[in-house]
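Next come the chains, spelled out residue by residue.
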Amino acid sequence: MEQQKIYKLFTGKVKKVGQKDAENKMAQEWESAIFKTATEGPVHLTKTGFVGDDVADKKNHGGPEKAVFAYPVSHYESWRRELDADIEIGGNGENFAVMHMDETSVCIGDTYKVGGAVVQVSQPRRPCWKPARRHNVLDLALRIQKTGRTGWYFRVLEEGDVESRDTFQLISRPHPDWSIEACNEVMYNQKDNIGLNESLASLDLLAESWKTTISKRLSGDEGSSEKRVFGPNR
């Protein structure tokens, strides 16, 4: 198997872009830290993310369970072809653009040594309206869900310096049956399968936000995804 590694490491500050008076909602002013820049040399990774990396929406992004966002390099060729757009690596706002790992090969609770840090997979990313705004594709969040090309988040168990080309050394895999792909299948396509939902919600290493969503679903109180998926874009 080819070595799993960071192809590029991205960090970025919050930026305000767009026009206040634009008639097209997709062109209106908005704030995000999705516009990240590839870094050279080591960057210190803390329990809440990389030093110098910001989050605009602290309610829905960032924090210990979403300290690092990873996205497979291999997905970009498909996005370029399907969207007929020149979406560059880093275009989804990831911190780690990763090689030789994807949603089929990464599982909840996977713990890796990478650089001087130890990280653990906490949840798939639930796509929101901001990548859609960045790439001017209104239904991009829905496309991300449908294709399963969501990427995933890491929590940080041990802080340390990390840089591009560092490799992932798997330390433990406590939930081999719960790949990121399998989690996405339950979240978006198996909503009525009570057994699968209960099994996923019972995972000790699954992020609390996912457990809460599934618990609400099981109690009949999940709510709409409209705000997350489309936000102010329409």
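For the structure given in this document, a descriptive report is provided here. Because the structure is a prediction, the values reported are computed rather than measured. (Residues numbered from 1 in each chain as written. Predicted model: local features only at pLDDT ≥ 70, side-chain atom pairs only at ≥ 80, totals over all residues. Heavy atoms only, no water.)

## Remarks on the pairing of strand β5 (residues 43-46)
Using the following cut-off: What makes two strands pair is DSSP finding at least two bridges between them. Strands here mean DSSP runs of E at least two residues long; helices mean DSSP runs of H or I at least four residues long; both are numbered from the N terminus.
As paired strands, β5 and strand β12 (residues 160-162) are joined by three bridges and run antiparallel to one another. Paired with L45 across the strands is G160, a residue of β12. Counting the residues between successive antiparallel strands, the hairpin from β5 to strand β6 (residues 49-50) contains two residues.

## Looking at the environment of D161
Using the following cut-off: Whether two residues are in contact is decided by their heavy atoms, any of which lying within 4.5 Å being enough. Polar contact is defined as a pair of N or O atoms within 3.5 Å, subject to the rule that within protein one atom must be able to donate a hydrogen and the other to accept it, and that residues adjacent in sequence are counted only when both atoms are side-chain atoms.
Within the secondary structure, D161 is located in strand β12. As for D161 and A117, which are separated by 44 residues in sequence, their C-alpha atoms are 6.4 Å apart. Each residue touching D161, except ones within four places of it in the same chain, is listed here: P42, V43, H44, G115, G116, A117 and D166. Polar side-chain contacts of D161 include one of 2.9 Å to the side chain of H44.

## Observations regarding the environment of F96
Convention followed: Burial here depends on accessible area, computed with a 1.4 Å probe over protein chains only, as a share of the maximum for the residue type. Under 20% is buried, over 50% is exposed, and the range in between is partly exposed.
Following the sequence through the fold, F96 ends up in strand β8 (residues 96-99). Accessibility expressed as a relative area gives 0% for F96, which makes it buried. Look past the residues within four positions of F96 in its chain and what remains in contact with it is I6, K8, L9, F50, V68, F69, A70, Y71, F154, V162 and F168.

## Here we look at the layout of surface pockets
Rules: Detection works on a 1 Å grid of protein atoms alone, calling trapped sets that fit a 1.4 Å probe cavities and calling open sets with protein on both sides within 12 Å along at least five of seven lines pockets, with lining residues defined by an atom within 4 Å of a point. Grid points are joined across faces, edges and corners, and a volume is the space filled by probe spheres set on the points. Gly is placed with the polar residues, together with every amino acid not listed as nonpolar (Ala, Val, Leu, Ile, Met, Phe, Trp, Tyr, Cys and Pro) or charged (Asp, Glu, Lys and Arg).
Roughly 1,000 Å³ of internal volume is contained in the largest pocket. Along its surface, the largest pocket is lined by 33 residues, and N60, K66, R126, T213 and R228 are the ones closest to its centre. Counting residues per element, the ones that place at least two in the lining of the largest pocket are α2 (129-135), α3 (140-147), α6 (208-218) and α7 (226-230). Every residue lining the second largest pocket is counted, 27 residues in all, and those nearest its centre are K36, D54, V55, H61 and G62. Where the lining of the second largest pocket is concerned, the elements lending two or more residues are β6 and α2. Residue composition of the lining of the second largest pocket, grouped by class: 10 nonpolar, nine polar and eight charged.

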